[in-house]
Amino acid sequence: MEKENEDFIDRPVVMVGLMGAGKTSVGRALARRLGIPFVDSDKEIEAAAGCSVVDIFSMYGEDEFRRVEQRVIERLLDTPPALKVISTGEGAFITPAIRQMILDRALSVWLRADLDLLVKRTNSRDTRPQLLNTDSRKILQQLIDDRYDTYALADITVETRDENLRKTLFKVLRAIEDYSNKQDKE
């Protein structure tokens, strides 16, 4: 697999999926491997707002958060460098306007993980406010039921497993290369 990023991508790569799927860790590793920048949209939202995502939700509500998120993702897609990897929050791709923007202007990669893996990865952290003091398995199952059909609209789906980052990264690189080759033939 070549390291020359222009050989298999010609637009930003946007990682989508549920919390715990690996969007940030895989996205960061992908960017490093391709030699292009990595950006976490939630971190950019926090920088723009001057407060945490949790605070934005609690002070202004989800609708305002989604408006800010849409503006930030649009800026990330429009500003140089053109080639970059963007990790999004779990709800970004679910929002129709954001999803359409990503599908039109980027290469979307859904990291699909099963319930057991998501529970394992999210239970060890206290940075997921919606899972604190609740039945995380039940909430994650509901999110799977509600969102997986929409995530399936992404350009590429990569099944993630309880495996090392390098193996998942290889699967993503292979999927991007396969997708690119398929697009070239059409």
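Small disclaimer: the values here were computed from a predicted structure and weren't measured.

Participant: Which parts of the structure should I look at to understand the sheet that holds strand β1 (residues 13–16)?
Facilitator: Whether parallel or antiparallel, the strands of a sheet pair through hydrogen bonds between backbone atoms. Judged by pairing direction, the sheet is parallel, and its five strands sit side by side in the order β2-β3-β1-β4-β5 without closing on themselves. The open sheet has two edge strands, β2 (38–40) and β5 (156–159), and neither has a second partner. When strand polarity is set aside, the average angle formed by the axes of neighbouring strands in this sheet is 25°.

Participant: Looking at this structure, how should I read unusual backbone geometry?
Facilitator: Generally, phi is negative for residues other than glycine and the peptide bonds are trans, each holding for most cases. Between Pro80 and the following residue, Pro81, the backbone shows a cis peptide bond with an omega angle of -5°. Tracing the chain through its elements places Pro81 in the loop between α4 (62–78) and β3 (85–87).

Participant: What is the right way to look at helix α3 (residues 53–60) in this model?
Facilitator: Side chains that are three or four residues apart share a direction in an α-helix, a result of its 3.6 residues per turn. The N-capping residue of α3, defined by a side-chain oxygen 3.0 Å from the backbone nitrogen of Asp55, is Ser52. After α3 finishes, the residue Gly61 shows a positive phi value of roughly 90°.

Participant: Sorry, what's going on with the packing of α3 against α4 here?
Facilitator: Two quantities define a packed helix pair, namely the angle between the helix axes and the distance between the axes. The contact between α3 and α4 brings their axes to 7 Å, and the two run at 130°. Regarding the angle of α3 to α4, the classification is oblique. Residues Val53, Ile56, Phe57 and Tyr60 of α3 form the contact with α4, whose own contacting residues are Glu62, Glu64, Phe65 and Arg66. For the contact of α3 with α4, the per-class residue count stands at five nonpolar, no polar and three charged.

Participant: Would you mind going over the pattern of salt bridges with me for this structure?
Facilitator: Taken as a whole and judged by the stated rule, the model has 13 salt bridges. With its nearest N and O atoms 3.0 Å apart, the salt bridge here joins Arg67 to Glu64. Linking Arg67 with Glu64, this pair stays in helix α4, spanning three residues, or about one helical turn. You can call Glu64 partly exposed: its relative accessible area is 25%.

Analysis parameters
Residues numbered from 1 in each chain as written. Predicted model: local features only at pLDDT ≥ 70, side-chain atom pairs only at ≥ 80, totals over all residues. Heavy atoms only, no water. Pairing = 2+ DSSP bridges. Helix = DSSP H or I, 4+ residues; strand = E, 2+ residues; numbered from the N terminus. Axes fitted to C-alpha atoms, helices over the stretch in contact; angles between N-to-C directions. Polar contact = N/O pair within 3.5 Å; in protein donor to acceptor, adjacent residues only side chain to side chain. Parallel < 35°, antiparallel > 145°, perpendicular 65-115°, else oblique. Contact = heavy atoms within 4.5 Å. Nonpolar A, V, L, I, M, F, W, Y, C, P; charged D, E, K, R; others polar. Salt bridge = Lys/Arg side-chain N within 4 Å of Asp/Glu carboxyl O. Buried < 20%, exposed > 50% of the residue type's maximum accessible area, 1.4 Å probe, protein only.

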